[in-house]
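Close look at the chain arrangement
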Amino acid sequence: MKKTWNVAVVGATGAVGTQMIECLEERNFPVGNIKFLASARSAGQVLEFNGKPVTVEELTHDSFEGIDIALFSAGGARSEEFCPSAAKAGAVCIDNSSAWRMDKDVPLVVPEVNPHVIADYRKKGIIANPNCSTIQMVVALKPLHDFGTIKRIVVSTYQAVSGTGNKAIDELRIQTGELLNGRPPKNEVYPHRIAFNCLPQIDSFCDNGYTKEEMKMVNETRKIMEADIATTATCVRVPVFYGHSESVNIETEKKITVAKARELLEDAPGVELVDNPANGEYPMAMDVAGEDLTLVGRIREDASIKNGLNLWIVADNLRKGAATNAVQIAEILVEKYLK
């Protein structure tokens, strides 16, 4: 087996791309050569990897010669265009966009939930990283589903602006400053002001009245959990920089008590139980920035149905919701599948 692997990070200068680079460093991924790729506008920038300068190159169809693993976070259009070229050159693509998630020949992977499907990468040379809000939810729900079989999920999300990228982070920062200084703010990234506001729209609306983000959670959850779970979602953008929060209600076939849920979650991979509300201890977005674990708390039985639970789930959307999940997939890939 090879001891090191040549890696390309596509979209290296973006919010998720920079986190991917950090994760590769922090987790000591066995990188041989590394290549940073981005648009022509970003080409020529100099970034660092393990203390050494790396010049960002323009993404082209010829960028993947000699690359073993390509981590993509450059948007759906670029993934659709360039993943096949990367795969043809022999690289395995791990794509963070929505471009390939529902393709029947592309595995949609959360390592704590369905690592076995990584083997299906051979069909197209592509592995899809799920939506950030879906990832943290299924990490928390998998052990509960294995025990009690989830029939229905009702989820409301409270999603940070970093999910939209660096321009949205800047917009929230600038708008907040403008409002605090009595000046009218401008909104360019979002359809309405995000500072001191909540926007019940993430992505565009579908014909059924749901947004694309909401339908991603519905469809991706079924594919990842390999179960026909009835799911309904309301996704809201909130004026938080980093960390998505979710209010999740589940109905199960078998009753799960609060005590049992806590026991299951305490032992669950990738989960940290933070559930002592009497002492003011519960998951908060400010606690997950820069962290890889999914925090779960506010666990309580739903008295309105026979077998129901409510949970509050929080994770860093750029880390576990994107970059860390992708690197974890790459770790399993080199350990079990690539030679």
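Residues numbered from 1 in each chain as written. Predicted model: local features only at pLDDT ≥ 70, side-chain atom pairs only at ≥ 80, totals over all residues. Heavy atoms only, no water.

For the protein, the name recorded in an unreviewed UniProt entry is Aspartate-semialdehyde dehydrogenase, with Geomonas paludis as its organism. UniProt's Subunit (unreviewed entry) comment on the protein is quoted here verbatim: "Homodimer." Taken from UniProt, the Sequence similarities (unreviewed entry) comment for the protein reads in full: "Belongs to the aspartate-semialdehyde dehydrogenase family." (UniProt positions renumbered as here; feature names shortened; annotations may be inferred.)

1. Structural notes on the overall build of the protein
Across its full length, the protein holds eight helices and 14 strands. Rg of the C-alpha trace for the protein: 20 Å, near the compact-globule value of 20 Å for 339 residues, within the 12% margin. Oriented by its inertia axes, the alpha-carbon framework of the protein measures out at about 60 × 55 × 40 Å. In the protein, which comprises 339 residues, the proportion classed as buried is 53%. Contacts in the protein between residues far apart in sequence, at least 24 positions, make up 66% of those at least 6 positions apart. Working note: accessible area of the protein is about 15,000 Å², and carbon and sulfur atoms make up 48% of it. (Helix = DSSP H or I, 4+ residues; strand = E, 2+ residues; numbered from the N terminus. Rg over C-alpha atoms; globule rule 2.2 N^0.38 Å. Buried < 20%, exposed > 50% of the residue type's maximum accessible area, 1.4 Å probe, protein only. Contact = heavy atoms within 4.5 Å. Areas by Shrake-Rupley, 256 points an atom, 1.4 Å probe, with all protein chains shown as cover.)

2. Some words on the sheet that holds strand β8 (residues 126-128)
Pairing within the open sheet is parallel, and its six strands lie in the order β5-β2-β1-β6-β7-β8. Two strands lie at the open edges of the sheet, namely β5 (57-58) and β8, each paired on one side alone. Note that strand β7 (residues 92-95) and β8 share three bridges and pair parallel. Within β8, the position partnered with cysteine 93 by the bridge is isoleucine 126. Those strands touched by helix α1 (residues 15-26) are β1 (5-10), β2 (31-38) and β6 (69-72), and its axis lies near 155° from that of β1. (Pairing = 2+ DSSP bridges. Axes fitted to C-alpha atoms, helices over the stretch in contact; angles between N-to-C directions.)

3. Here's the deal with the nonpolar core
Ranked by size, the top nonpolar core spans 53 residues in total, and within it Phe64, Phe72, Leu141, Leu144, Ile153, Ile250 and Leu311 carry the most contacts. Here the element with the most residues in this core is helix α3 (residues 132-148); it accounts for seven residues. For this core, the two domains that each supply at least three residues are domain 1 (5-129 + 322-337) and domain 2 (133-160 + 198-315). Setting aside residues no more than four positions away along its own chain, phenylalanine 64 makes contact with Ala8, Val10, Leu37, Leu59, Ala70, Phe72, Phe82, Ala86 and Ala89. Ranked by size, the runner-up nonpolar core spans 40 residues in total, among them Leu24, Phe36, Ile94 and Leu318. (Core = buried A, V, L, I, M, F, W, Y, C linked by side-chain atoms within 4.5 Å. Domains from an automatic or database assignment.)

4. A few points about α1
In this model, α1 (twelve residues) spans 17 Å end to end at C-alpha, consistent with the 16 Å of a helix rising 1.5 Å per residue. Buried residues of α1: Ala15, Val16, Gly17, Gln19, Met20, Ile21, Cys23 and Leu24, and no others. Where the residues of α1 are buried, they touch β1, β2, β3 (46-49), β6, α4 (166-180) and α8 (319-337). Positive phi appears at asparagine 28, one or two residues downstream of α1, with a value of about 55°. (Expected span 1.5 Å × (residues − 1).)

5. Comments concerning the UniProt feature "binding site: substrate" (unreviewed entry) in the protein
Mapped onto this numbering, the UniProt entry annotates "binding site: substrate" (unreviewed entry) at Gln159 and Arg237. These annotated residues cover 79 residues of sequence, and their C-alpha atoms lie no more than 4.8 Å from one another, placing them together at a single site. Note that glutamine 159 resides in strand β9 (residues 150-159). Non-local contacts of glutamine 159, meaning those with residues more than four positions away in its chain, are made with Cys132, Ser133, Ile202, Glu213, Cys235, Val236, Arg237, Val238 and His244. Here threonine 157 takes part through its side chain, which lies 2.7 Å from a polar atom of the side chain of glutamine 159. By the element assignment, arginine 237 lies in strand β10 (residues 230-237). According to the relative accessible area criterion, arginine 237 is buried, its value standing at 7%. (Polar contact = N/O pair within 3.5 Å; in protein donor to acceptor, adjacent residues only side chain to side chain.)

6. Notes on α4
A rise of 1.5 Å per residue sets the reference length of α4, with its 15 residues, at 21 Å; its end C-alpha atoms lie 22 Å apart and thus fit the reference within 8%. Those residues of α4 lying buried are Ala168, Ile169, Glu171, Leu172 and Gln175. Summarising the axial view, the buried residues of α4 lie within an arc of 160°, below the 170-degree limit, and thus occupy one face. In the stretch just after α4, glycine 182 is the one whose phi turns positive, near 75°. (Arc of directions from axis to C-beta.)

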